[in-house]
Every structure is written in structure tokens, then in C-alpha cells.
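Letter by letter, the chains look like this.
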Amino acid sequence: MSFSKAEKVIEQLKNNGYDAYIVGGVVRDLLLKKPLGDIDIATSALPEDVQRIFEKTIPVGIEHGTVIVRMDGESYEVTTFRKEGKYEDYRHPSEVEFHDSIEVDLSRRDFTINAMALRQDGTVFDPFGGKKDLEKKLIRAVGNPQERFREDPLRMMRALRFLSALGFSLDNETYKALKMNAELLNKISVERIREEFEKLLAGLHCEEALQFILEAELDQYLPNGPFEFEVNPAVFKWETLSSNEERWAAFLLSMGISNPFDWLHAWKPSNQKRKQVSHLVDLYRDDPEFKNPVTIYKNGLERLSSVMRLKQFFGNQVSTTRKEMDAIYERLPIHKRSELAVDGNDLQAQVKQPPGPWIAELLETIECRVVTGTLKNDPGEIKEWITQCNQAQENG
Ligand code: ATP
Ligand code: MG
């Protein structure tokens, strides 16, 4: 993301007689000197004006006033100034009203720290005191928090995910309104809740945010709530985890969920994520030996590294390093089953028994022996070993 290219977009809008600003999260992060995410632009130009002015545009959400402008290989979301519409279904405003004032647009945003606009000269338009709240480390709803949470209850989850990311506190009135309206989370789709919850899990202050959820009893309105989560800031080290899957696994393990695959169903993640998370949880519970070549062969370096980080998360000392695992992996005679010198057909041709589960079992035994180096990955030697086994069986 580049500011100068965003400036070019703004310049072009202005040259056409429209008002335009960089707005939202990026202004907040700029003032906090944090790494910047996507650059959003708000403008008085209508979507059709934006499409006319720029060569390359993608109409991603015309009905909400959003057009993506491609500028020198980068994308910018350009959204027409909006007024807060009526939220009849607790999901989306039933009508979107475009407006020509940046102040009105900022007034519909969720929190003061997200309701600032960057002017072209580098100064900040801040009608709701966002800068002051940044200094005081406060998350405060724009306007009346009760009304804002009732308009869109997802904002309650957003408050907690910003708390988790920034380590801020909730302003008193905002906190009270959140506690009083928690039940409205029932109205929000699981997908939208999950998206904010995953961002919450990724925050450096996740533990505080989870504690907050318990305190405000928000958990009873989340999928599979209430949670049996014990907040334990002294032990859990969220910063050691490096992926969304690892964070889910840590969360589920800390609650002692016995069947993570089933548990996750209510949160509607992709099937792939459900599988990956439950694999991690199961493997963690197996307490794998990180230096064991078969363990490394079967699970792969990435998954084992994830389990290592989970061990560290729970305060365990891990004596194996990733470097050591890499070295063991490098030395493995084979890295996947297709590299084995024999396959199921070879076994059947040699043993001359009707096909059955024995083929897979024998293959796995051979694979294990090859991986541990007790059998050479060579068709002749494997054949010889099978013959010896059969003889031993006949004799025994
Ligand atoms: P991040 O850096 O994590 O993306 P962000 O502040 O950019 O944080 P987004 O979810 O990308 O958060 O939203 C962009 C902006 O849109 C917010 O800063 C806020 O001004 C506004 N916004 C988003 N969702 C809502 C909402 N539910 N109600 C009101 N304003 C919202
Ligand atoms: Mg954003």
C-alpha cells in the first residue's frame, strides 16, 4: 500500500470537483505509528462518478457506494460519503443514503478512533475527539453507544477486537451499553461474528479481550457459548502463535474441548480450517516427540512447528528447535509415500493374496522401516525383507 498513490486518487477526485479524504483504520494506525493496512478513501463523488473518472475500477459494492480504484497496480476502496441508514434487520442498513459531507460520513462510523479523516495537507479532521481517545487509550462509540450498538450489534464484537489489537480500554458509557445490549448479538450472522472473533484472537491483548467477554457475559450469545475459558494471562503466551488455526487450537485446548471438529461446526469455518484445527488439537494431545523421524515424516514440519508453538503457548519448555527438526527432515530417506521403492501392486504381485487391508498395513510397516533407516528404500531389499517375514510367519 502506498500513500503517494492514494494521494494520486484523491488528487484526481479533487481535480474533478469532488471532496476526498483518506479515512478509517489507516488514519488511526498512522497516528499510532503502527503498520498500515488497506487505505480507504471517502469521497463526495457518487459511484458512477468514480467509475467515470478512473480508467480501471471494479464495482465491488455499488449499492453501498464502494468502488475499487486500481492505481499503478494497487487497489483502493473508494466509498461515497454516507449517512447512517436504518438497520431494520440488524445486518445492513435497509437504505444507504449518500451525502456530500465528510462529517456526516464520519458520524456513522463505529468508534471515535476510527472516525477521523486525513486531509491532503497532512492534518486530521477529527470532529469526535478520536485523537484524544487515542492518547487516553479509549474505545468510545461515536454518538450514543446504546443507539450505535442497537443499530448494528456487531459493533460490540468490533469494540472487543480493537481492545485486543490495541490494548485499549472501553469508555465507561460504551462499556455499559455493551453489557446492556449483549443479547442482540443473537441477531448477527455467525460469519460476521467469526470474522471479528478471529481478529480478536489475533490481537496481542487477546487475553484481556477474552476476559472482557466473560466479564460482560457476552460469551453466552456467541456460538457454543457460554465458554468454559479460564483467563490466565500469566501463563498463556498468545504472541507465540503464528496462524489463525493455531489460535483456534489454543482457545479450544484451553477450554478442554474434547471434540474440536464438532465444536467448530457452530462457528461455520471452512471444512479445511475445521480439519486443520482439530488435527492440531489432536496432535498436541498426543504429545509428539519432535525429534522422532517417523513423527516428522508423518506430520510434516509446519504442523509440528505449530504444535511446538502451542506447547510454548501453554508455558511448556520445548527442547527441540525448528533447526534440529529441519535437519532430521533433510536426512529422511523418503519424504512421501510416492517415493517408496514399492507400491501396493508390487506387494500384491509378490505375496499373492487377495487384496485387503493387509496391503495398506504392510505398506505402512515398510514405510516406517524405510523412514527409520532399518530397511533400505530399494525394491530388491524390500522384496527380500517381505520374503523373510513370510517365512518367519510360516515357521512361527
Ligand atoms: P483493520 O485495520 O483491522 O482493517 P479498520 O478500522 O480498517 O481496521 P475495517 O473493518 O476495515 O476496520 O473497517 C473500516 C472502517 O469502516 C472502520 O475504521 C470504521 O470507520 C468503519 N466501519 C467498519 N465497520 C463498521 C460498522 N459495523 N459500523 C460503523 N462503522 C464501521
Ligand atoms: Mg480495514
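For the structure given in this document, a descriptive report is provided here.

With that settled, consider the overall build of the chain. Looking only at helices and strands, the chain features 18 helices and 11 strands. Dimensions of the chain, computed from C-alpha atoms along their principal axes, come out at roughly 90 × 50 × 40 Å. By residue count, 47% of the 396 residues in the chain fall in the buried class. Pairs at least 24 residues apart make up 63% of the contacts formed inside the chain by residues separated by at least 6 positions. When the accessible area of the chain is evaluated, it comes to approximately 19800 Å², of which 46% is carbon and sulfur surface.

We now examine the site of ligand 1. Near ligand 1 lie 14 residues; those nearest to it are R28, D152, R155, R158 and R161. Within the side chain of R158, a nitrogen or oxygen atom sits 2.9 Å from an oxygen atom of ligand 1. One of the side-chain N or O atoms of R161 is found 2.7 Å from an oxygen atom in ligand 1. Contact with the protein chains removes 73% of the 600 Å² of surface that ligand 1 exposes when unbound. Here the shell around ligand 1 takes 4 residues from helix α7 (residues 154–166), the largest share from any one element. Here the residues of the shell around ligand 1 sort into 1 nonpolar, 3 polar and 10 charged.

Next up on the list: helix α1 (residues 3–15). With 13 residues, α1 ought to run about 18 Å at 1.5 Å a step, and its terminal C-alpha atoms sit 18 Å apart, in line with that. Tucked into the core, α1 has its buried residues touching β1 (20–23), β2 (40–43), α3 (47–53), β4 (66–71) and β5 (74–80). Trailing α1 by a residue or two, G17 shows a phi angle of about 90 degrees, which is positive.

Attention now goes to the nonpolar core. Ranked by size, the top nonpolar core spans 109 residues in total, and within it L13, I41, F197, W238, F251, W263 and I366 carry the most contacts. The greatest single-element share of this core, amounting to 9 residues, is contributed by helix α14 (residues 293–313). Counting 10 residues, the second largest nonpolar core, distinct from the first, contains V23, F81, L106 and V142.

Once that is clear, we can look at the packing of aromatic side chains. Tallied over the entire structure, the rule returns 20 aromatic pairs. Where F229 meets F251, the ring centres are 5.6 Å apart and the plane angle is 40 degrees; that geometry is what we call tilted. Taken together, the residues F229 in the loop between α10 (206–215) and α11 (244–254) and F251 in helix α11 connect sequence positions 22 residues apart. Considered together, F229 and F251 belong to a single accessibility category, that of buried residues. Clustering of aromatic rings is evident, with ring pairs tying together F197, F227, F229, F236, W238, W248, F251, W263, W267, Y284, F313 and F314. Here the basic side chain of R161 rests over the ring of F162, its NZ or CZ set 4.4 Å away from the ring centre. Positioned above the aromatic ring of F261, the side-chain terminus of R274 is 3.8 Å from the ring centre.

Glancing now at the side chain of R161. Tracing the chain through its elements places R161 in helix α7. Sequence-distant contacts of R161, that is, excluding residues within four places in its chain, are made with E196, K199 and L200.

Overall, the coordinates contain 24 salt bridges when judged by the stated rule. Here K176 ties to E173 by a salt bridge, and the two come within 3.2 Å at their closest N and O atoms. In this pair, K176 and E173 are both assigned in helix α8 (residues 172–181), 3 residues apart and thus about one turn of the helix distant. By relative accessible area, K176 is classed as partly exposed at 44%. Counted as one network, the salt bridges with shared partners bring together D110, R158, R161 and E196.

It is worth spelling out the sheet that holds strand β8 (residues 117–118) at this point. Spatially, 7 strands are ordered β3-β4-β5-β2-β1-β8-β9 in an open sheet, and the strand pairing comes out mixed. Edge positions in the open sheet fall to β3 (57–61) and β9 (124–125), since each of these has one partner strand only. The strands touched by α1 are β1, β2, β4, β5 and β8; relative to β1, the strand with the most contacts, the crossing angle is about 150 degrees.

Contact pair helix α9 (residues 190–201) / α10: the axes reach a minimum separation of 8 Å and the direction vectors enclose 130 degrees. Relative to α10, the element α9 lies oblique. Contacts between α9 and α10 involve F197, L200 and L201 from the first element and C206, A209, L210 and I213 from the second.

Structurally, the position occupied by E103 is in helix α4 (residues 102–107). In sequence terms E103 and P127 are 24 residues apart; their C-alpha atoms lie 7.1 Å from each other. Those residues in contact with E103 that lie beyond four places of it in its chain are F125, P127 and F128.

Rules of the game
- Residues numbered from 1 in each chain as written.
- Chains lettered and ligands numbered in written order.
- Predicted model: local features only at pLDDT ≥ 70, side-chain atom pairs only at ≥ 80, totals over all residues.
- Heavy atoms only, no water.
- Helix = DSSP H or I, 4+ residues; strand = E, 2+ residues; numbered from the N terminus.
- Buried < 20%, exposed > 50% of the residue type's maximum accessible area, 1.4 Å probe, protein only.
- Contact = heavy atoms within 4.5 Å.
- Areas by Shrake-Rupley, 256 points an atom, 1.4 Å probe, with all protein chains shown as cover.
- Near = heavy atom within 4 Å.
- Polar contact = N/O pair within 3.5 Å; in protein donor to acceptor, adjacent residues only side chain to side chain.
- Nonpolar A, V, L, I, M, F, W, Y, C, P; charged D, E, K, R; others polar.
- Expected span 1.5 Å × (residues − 1).
- Core = buried A, V, L, I, M, F, W, Y, C linked by side-chain atoms within 4.5 Å.
- Phe/Tyr/Trp six-rings, centres within 6.5 Å; stacked < 30°, edge-to-face > 60°.
- Lys NZ or Arg CZ within 6 Å of the ring centre and 35° of its normal.
- Salt bridge = Lys/Arg side-chain N within 4 Å of Asp/Glu carboxyl O.
- Pairing = 2+ DSSP bridges.
- Axes fitted to C-alpha atoms, helices over the stretch in contact; angles between N-to-C directions.
- Parallel < 35°, antiparallel > 145°, perpendicular 65-115°, else oblique.

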